[in-house]
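Here are the chains, one letter per residue:
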Amino acid sequence: MSLIHKLPYEWLVGLRYTRAGKRSNRNSFISFISLISVSGIALGVAALIVVLSVMNGFQKQVTDRMLSVLAHIEVFDASGSMPDWRKAEQEAFRNPAVRGAAPFVETQGLLVKDDAMKPSSIRGILPDEEPKVSDVAKQVRQGSLQDLRPGQFNIVLGYALARSLGVGVGDKVNMMLAQGQMTPAGIVPRSRLFTVAGIFEAGHYEFDSSMAFIHIQDAERMERLDAPNGLRLRLADMHQAPQVAAQLKGQMSGNLVMRDWSKLNANWFAAVQTEKRMMFIILTLIIAVAAFNLVSTLVMTVTDKQPDIAILRTLGASPQSIMKIFMIQGALVGIMGTLAGVGLGVLVALNIDVIVPFIEHLFGIQFLSKDIYLISEIPSDMRWPDVFKIGGVSVLLAFVATIYPSFSASRVKPAEALRYE
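Here goes a summary of the coordinates provided.

Calculation notes
Residues numbered from 1 in each chain as written. Predicted model: local features only at pLDDT ≥ 70, side-chain atom pairs only at ≥ 80, totals over all residues. Heavy atoms only, no water. Helix = DSSP H or I, 4+ residues; strand = E, 2+ residues; numbered from the N terminus. Patch = residues over 30% accessible without salt bridge, like charges linked within 9 Å, V, L, I, M, F, W, Y side chains within 5 Å. Areas by Shrake-Rupley, 256 points an atom, 1.4 Å probe, with all protein chains shown as cover. Salt bridge = Lys/Arg side-chain N within 4 Å of Asp/Glu carboxyl O. Buried < 20%, exposed > 50% of the residue type's maximum accessible area, 1.4 Å probe, protein only. Core = buried A, V, L, I, M, F, W, Y, C linked by side-chain atoms within 4.5 Å. Contact = heavy atoms within 4.5 Å. Polar contact = N/O pair within 3.5 Å; in protein donor to acceptor, adjacent residues only side chain to side chain. Axes fitted to C-alpha atoms, helices over the stretch in contact; angles between N-to-C directions. Parallel < 35°, antiparallel > 145°, perpendicular 65-115°, else oblique. Left-handed = near helix turned anticlockwise from the far one by under 90°. Nonpolar A, V, L, I, M, F, W, Y, C, P; charged D, E, K, R; others polar.

Some remarks on the environment of Gln366
Okay, step 1: Within the fold, Gln366 resides in the loop between α13 (352–363) and α14 (370–373).
Okay, step 2: In this structure, the C-alpha to C-alpha distance between Gln366 and Val356, residues 10 residues apart in sequence, is 9.2 Å.

What follows is the structure, encoded as structure tokens:
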């Protein structure tokens, strides 16, 4: 005896109804409706997996580009400067999660060239230490980060910032800081002429259009500081930044303030998470519509199978067994649709870098313009927890859709069902 024939009779009948047994026109139509339900669930599940994978891919790319400039953790001294930053660096390295450290000075200024004025975030760095915490040195397209030497007042600009100012390597820009200085004419902004020594491109417009780097000693002189503002740290795992920041708070001496990368861009990450939740809800509605098509399928099946139900009841089947038969039928349809959708969605998500270029080449279109989006390929980052969550929701919706028709089948009265047979 095969394993299938050892199953309880409710399973055997449910499996038979899923295949629609007899080949009458009515049963063929019910089978067609069942196929539509399976296809709808499969397409909904696949679409949700692909869309979330693409959104995860965009988020990962943007995060990577942001963290190529930002540090994983910034450590500030509450006094405004950190004279003994070497000691703080040694204390930070006692935590095994810390992989790099570099001092910095952060300020806001206005860069002026002729009639062009652009607000900018000015960061003072040590060119030899900066590669330990960021990838800016690799992103310099013209000039070099090593050209930032103390006392020479050189500056490295983001490419969009340089373009908006109309400057290139070797040109002069005037830096004006908000902190004023007293003169016979009153309080005037502090300013200094800088020479453009390089242009970098991080691939993130916010940084490319508003960030500039100078030597840390020049930044201290402009800010009238005697030490850096603090330390920037890079970790082995960026996702542990909040936990490591809390650990460093207790491990390092002094009155320090910790700020991890997720807090630096909290609004952006909150917006992305909200968008992902909304997309999940919207696309889940597609699955729900397909799943609740099972209601009409099962109602038609119950109507068509009333004589069979009556015979089963006269043979001793309980209302609970009848209900179980149709719940098994609906659940099997939902599981088949979910498995087909998961397979299709995973296949597309893992090969989107091949599928999208093929479609672009076939129809002569381009989904992403590099001039606008800074990337020309659609990224994908499929995450198995998302896949399992989507599959679980799909099966749950299909199961819920079977409750009413199955309950209706359990209430069929044998005498009335067989009266006209």
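Now, onward.
Here's the deal with a nonpolar patch on the surface
Okay, step 1: Taken together, the side chains of Phe292, Leu396, Phe399, Val400 and Ile403 make up a nonpolar region of the molecular surface, amounting to roughly 420 Å² of accessible area.
Okay, step 2: For the nonpolar patch, the element with the most residues is helix α15 (residues 384–401), which contributes three residues.
Okay, step 3: Relative to the assigned elements, Ile403 resides in helix α16 (residues 403–410).

Here we look at the pattern of salt bridges
Okay, step 1: Counted by the stated rule, this structure contains 10 salt bridges.
Okay, step 2: Taking the shortest distance from any N to any O, the salt bridge between Asp64 and Lys60 comes out at 3.3 Å. With Asp64 and Lys60 both in helix α2 (residues 25–67) and four residues apart, this pair spans about one turn of that helix.
Okay, step 3: Lys60 gets classed as partly exposed once you look at its relative accessible area, which sits at 42%.
Okay, step 4: Between Arg259 and Glu74 there is a salt bridge whose closest N-O contact spans 2.5 Å. Remark: Glu74 occurs in strand β1 (residues 73–77) and Arg259 occurs in strand β10 (residues 256–260); sequence separation between them is 185 residues.

A short note on the nonpolar core
Okay, step 1: Counting residues in each nonpolar core, the largest one holds 37 residues, and the members touching the most others are Ile73, Val75, Phe213, Leu233, Leu248 and Met252.
Okay, step 2: Where this core is concerned, the elements lending two or more residues are α2, β1, α3 (85–93), β2 (98–113), β8 (211–215), β9 (230–235), α8 (241–251) and β10.
Okay, step 3: Looking at this core, the element that brings in the most residues is α8, giving four residues.
Okay, step 4: Filtering out sequence-adjacent residues up to four positions away, Ile73 remains in contact with Leu231, Arg232, Leu233, Leu235, Ala241, Val244, Ala245, Leu248, Arg259 and Asp260.

With respect to unusual backbone geometry
Okay, step 1: Its identity is not glycine, yet Phe153 carries a phi of approximately 50 degrees, on the positive side.
Okay, step 2: Owing to a relative accessible area of 3%, Phe153 belongs among the buried residues under this scheme.
Okay, step 3: The phi dihedral of Arg224 is positive, around 60 degrees, even though this residue is not glycine.
Okay, step 4: The topology assignment puts Arg224 in the loop between α7 (216–223) and β9.

Brief notes about the side chain of Asn95
Okay, step 1: Secondary-structure assignment places Asn95 in the loop between α3 and β2.
Okay, step 2: Owing to a relative accessible area of 3%, Asn95 belongs among the buried residues under this scheme.
Okay, step 3: Within polar-contact distance, the side chain of Asn95 engages the backbone nitrogen of Ala97 at 3.0 Å.
Okay, step 4: Polar contacts involving the side chain of Asn95 include one to the side chain of Gln247, which spans 3.0 Å.
Okay, step 5: Excluding its chain neighbours within four sequence positions, the residues that come into contact with Asn95 are Val244, Gln247, Leu248 and Gln251.

Digging into the environment of Lys118
Okay, step 1: Here Lys118 is to be found in strand β3 (residues 116–125).
Okay, step 2: According to the relative accessible area criterion, Lys118 is partly exposed, its value standing at 31%.
Okay, step 3: Spatially, the C-alpha atom of Lys118 lies 9.7 Å from that of Ala162, the residues being 44 residues apart in sequence.
Okay, step 4: Apart from the residues within four sequence positions on either side, Lys118 is in contact with Gly109, Leu110, Leu111, Leu161, Ser164 and Leu165.

Some points on the packing of helix α12 (residues 319–350) against α15
Okay, step 1: Closest axis-to-axis distance for the α12/α15 pair is 8 Å, and the angle between their directions is 155 degrees. Considered as vectors, α12 and α15 are oriented roughly antiparallel to each other. Every pair of crossing elements has a handedness; the one defined by α12 and α15 is right-handed. For the pair α12 and α15, contact is made by Met327, Gly334, Ile335, Thr338, Val342 and Val346 and by Trp384, Val387, Gly391, Ser394, Val395, Ala398 and Phe399, respectively.
Okay, step 2: Class assignment for the residues of the contact of α12 with α15 results in nine nonpolar, four polar and no charged.

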